[in-house]
Amino acid sequence: MIPPILEMKHITKEFPGVKALDDVSFQVKTGEIHCLVGENGAGKSTLMKVLSGVYPHGDYVGEIIYEGQAQKFRHIADSEKAGIAIIYQELALVPELTVYENIFLGHEIANGFTIDWNETIKQADEMLQKVKLNVNPEAKIKELGVGQQQLVEIAKALSQDVKLLILDEPTSALNEDDVENLFSLLRDLKKQGVTCVMITHKLKEVIEMSDSVTILRDGQAVITLDAHNGEVNENALIKHMVGREIENIYPKRDKKASTETLLEVKNWNAYDPKLGRKILRDINFRLAKGEIIGLSGLMGSGRTELALSLFGNPDGYEIEGELLVNNETVEFGHPEGAIASGIAYVTEDRKRNGLILIQDVKQNNTLANLKGISNRGVVDENAEIKVASEYVVSLNIKTPSIEQTVVNLSGGNQQKVSLAKWLFVKPDILILDEPTRGIDVGAKFEIYTIMNRLVEQGMGIIMISSELPEVLGMSDRVYVVSEGEITGELAIEDATQESIMKLATVS
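Residues numbered from 1 in each chain as written. Predicted model: local features only at pLDDT ≥ 70, side-chain atom pairs only at ≥ 80, totals over all residues. Heavy atoms only, no water.

A. Here's a closer look at the sheet that holds strand 15 (residues 292-296). Read across the open sheet, the six strands follow the order 18-21-22-15-23-24; overall the sheet is mixed. At either end of the open sheet lies a strand with only one pairing partner, and these are strand 18 (343-346) and strand 24 (485-491). Going from strand to strand, the sheet's axes swing by 20° on average, the running direction of each strand aside. One ladder, built from four bridges, connects strand 15 with strand 22 (residues 460-464); its direction is parallel. (Pairing = 2+ DSSP bridges. Helix = DSSP H or I, 4+ residues; strand = E, 2+ residues; numbered from the N terminus. Axes fitted to C-alpha atoms, helices over the stretch in contact; angles between N-to-C directions.)

See below:
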């Protein structure tokens with residue numbers, strides 16, 4: 001029997017007021033793809049940071065056994081020297097440096113006291129061939145797509161003779177082709193003896209890729225499942241992740257929208273002067289009171305550009321067309337005008353554009369409507385506390401207090417804070433751009449439940465989503481966007497993944 005490459009025994013890791021890991025034991029077999037899953041805040045990333053030396057020996061309780069030897073990693077360089085590499089969701093590459101410089105950054109190939117650039121380029125090219133990435137090693141990282149950048153990260157790991165490769169949410173920003181390329185590479189690396197630990201929220205990927213699955217819940221290891229024994233399926237994963245069975249991930253709602261139109265877009269066109277081309281062409285659609293419409297399409301189809309052009313046009317597109325809110329024609333020169341007309345937009349990138357991560361929950365909750373808690377231009381701190389406390393309860397935001405810094409919350413709870421920020425402006429129309437990206441199945445269910453509650457109260461929601469099951473599960477109607485045009489409108493009873501994809505690939 002082949003011994004495990006990794007054993008983590010009785011790992012406990014605490015932060016002020018929070019026990020992130022509670023006596024976790026975790027084992028990975030040599031040469032397998034082992035998925036680590038759980039709700040946001042379950043402890044997955046914390047466990048891997050303990051392993052990689054981000055949290056050094058002595059900063060946690062427990063033992064790490066790697067290749068049969070007890071390890072005391074004091075920083076990342078120690079784990080990398082042992083053959084462990086971790087690739088985070090936010091890639092750690094330098095955009096202005098070349099591909100070959102990034103691959104060997106930190107372990108440069110020296111010739112005496114100088115770097116041997118010719119040998120560096122040669123070996124970088126060999127690493128790129130290993131990961132099947134056909135790019136010039138002298139290209140700058142900023143010139144590559146996200147999928148290509150991820151392969152450069154893996155090439156960097158392979159250049160250090162990696163034995164255990166950890167990927168944290170590796171597909172969160174990838175399109176379908178990039179995902180398939182990545183998975184093909186991981187299967188090839190497995191054949192070459194590289195062991196992989198993959199953290200992901202996407203249950204379909206877990207079922208497709210895993211040999212074994214360990215599930216964490218509330219900082220504890222709940223169970224390890226063997227895919228080869230048929231133990232890994234969606235129902236089992238959900239049950240162990242959330243501690244209960246969720247029979248329908250998309251909560252039921254009586255999908256009968258009002259005939260009252262909240263928003264209508266007529267002959268909408270947008271020209272992007274930065275790109276020098278038209279990005280939206282002759283867009284026409286309507287949103288009714290108490291309705292969720294899904295905007296579906298491939299990445300780059302123009303869905304987010306459409307949302308931003310309606311929400312005060314912050315990117316400065318040249319707009320033609322007519323926008324009606326509550327049957328009155330409106331024009332916005334700034335998001336402030338859209339907010340005043342009852343439109344709110346929850347961005348797809350909550351960390352960069354949705355939240356101020358270094359501020360606390362209460363400050364983020366009230367950020368978009370400071371007038372609502374101010375008296376003569378001065379923030380009323382008691383009013384701020386009251387508002388934030390109400391949203392923490394109504395949206396079930398899991399936080400030690402409203403004074404917790406947002407960066408320390410899980411992704412699902414950050415998303416709820418971002419949602420609370422915009423609900424406090426009391427909108428009639430809510431645009432949700434990828435509302436469940438990067439959050440776990442339990443948090444998704446909570447977001448969907450909140451959405452249903454909002455439309456039952458009369459709000460209209462425009463939901464942009466790349467997940468077709470989500471579009472089908474939550475929408476009343478679906479508009480499909482392809483290359484800046486709406487190529488079809490589908491009643492939900494007529495919509496299928498196949499019919500949506502057919503319209504999404506119209507060129």
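B. Structural view of the sheet that holds strand 10 (residues 195-199). Taken in spatial order, the six strands of this open sheet run 6-9-10-3-11-12, and their pairing is mixed. Because the sheet does not close on itself, it has two edges, and the strands there are strand 6 (84-87) and strand 12 (220-226). Taking each pair of neighbouring strands and ignoring which way they run, the sheet shows an average axis angle of 20°. For strand 3 (residues 33-38) and strand 11 (residues 212-217), the ladder comprises five bridges, and the chain directions are parallel. Of the residues in strand 11, the one forming a bridge with His 34 is Ser 212. Along the sheet, helix 8 (residues 234-242) makes contact with strand 3, strand 11 and strand 12, crossing strand 11 at roughly 30°. (Contact = heavy atoms within 4.5 Å.)

C. The arrangement of helix 6 (residues 176-191) in detail. Its 16 residues place the ends of helix 6 23 Å apart at the C-alpha level, agreeing with the 22 Å of an ideal helix rising 1.5 Å per residue. Every buried residue of helix 6 is accounted for by Val 179, Leu 182, Phe 183, Leu 185, Leu 186, Asp 188 and Leu 189. Taken together, the buried residues of helix 6 touch strand 3, helix 4 (117-130), helix 5 (146-158), strand 9 (164-168), strand 10 and helix 7 (203-209). Looking one or two residues beyond helix 6, the residue adopting positive phi is Gly 193, at roughly 95°. (Expected span 1.5 Å × (residues − 1). Buried < 20%, exposed > 50% of the residue type's maximum accessible area, 1.4 Å probe, protein only.)

D. The nonpolar core, seen in detail. The biggest cluster of nonpolar side chains holds 119 residues, and the ones touching the most others in it are Ile 154, Leu 165, Leu 186, Phe 285, Leu 430 and Ile 461. Counting residues per element, this core draws most heavily on helix 15 (residues 441-456), at eight residues. Residues in contact with Phe 285, not counting those within four places in the same chain, are Leu 263, Glu 264, Val 265, Ile 293, Leu 306, Leu 310, Ile 462, Tyr 479 and Ile 486. By size, the runner-up hydrophobic cluster in this structure holds 27 residues, among which are Ala 42, Leu 47, Met 48 and Tyr 66. (Core = buried A, V, L, I, M, F, W, Y, C linked by side-chain atoms within 4.5 Å.)

E. Fine view of the environment of Thr 30. Along the chain, Thr 30 falls in the loop between strand 2 (18-29) and strand 3. Each C-alpha atom of the pair Thr 30 and Glu 126 lies 25 Å from the other, and the pair is 96 residues apart in sequence. Discounting chain neighbours no more than four positions away, the residues touching Thr 30 are Ile 2, Pro 3, Pro 4, Ile 5 and Thr 195. Reaching out from Thr 30, the side chain makes a polar contact with the backbone nitrogen of Ile 5 at a distance of 3.3 Å. (Polar contact = N/O pair within 3.5 Å; in protein donor to acceptor, adjacent residues only side chain to side chain.)

F. Representation of the packing of helix 14 (residues 411-423) against helix 15 within the structure. In contact at an axis separation of 10 Å, helix 14 and helix 15 are set at 15° when each is read in the N-to-C sense. Overall, the two elements helix 14 and helix 15 adopt an arrangement that is roughly parallel. As for how helix 14 packs across helix 15, the hand of that crossing is right-handed. Only Ala 443, Glu 446, Ile 447, Ile 450 and Leu 454 of helix 15 make contact with helix 14, whose side of the interface consists of Gly 412, Gln 415, Lys 416, Leu 419 and Leu 423. (Parallel < 35°, antiparallel > 145°, perpendicular 65-115°, else oblique. Left-handed = near helix turned anticlockwise from the far one by under 90°.)

G. Here's a closer look at the pattern of salt bridges. Applying the stated criterion to the full structure yields 18 salt bridges. A salt bridge links Asp 188 to Lys 132; its shortest N-O distance comes to 2.6 Å. Of the two residues, Asp 188 sits in helix 6 while Lys 132 sits in the loop between helix 4 and helix 5, which places them 56 residues apart along the sequence. Assessed through its relative accessible area of 19%, Asp 188 is described here as buried. Residue classification places Lys 132 among the exposed positions, given a relative accessible area of 58%. A salt bridge links Asp 476 to Arg 253; the shortest N-O distance between them is 3.2 Å. Taken as a pair, Asp 476 in the loop between helix 16 (468-474) and strand 23 (477-482) and Arg 253 in the loop between helix 8 and strand 13 (261-272) lie far apart in primary sequence, 223 residues in all. Of the residues examined, Asp 476 reaches a relative accessible area of 9% and is grouped as buried. Sharing partners across several salt bridges, the network here consists of Glu 96, Lys 140 and Lys 142. (Salt bridge = Lys/Arg side-chain N within 4 Å of Asp/Glu carboxyl O.)

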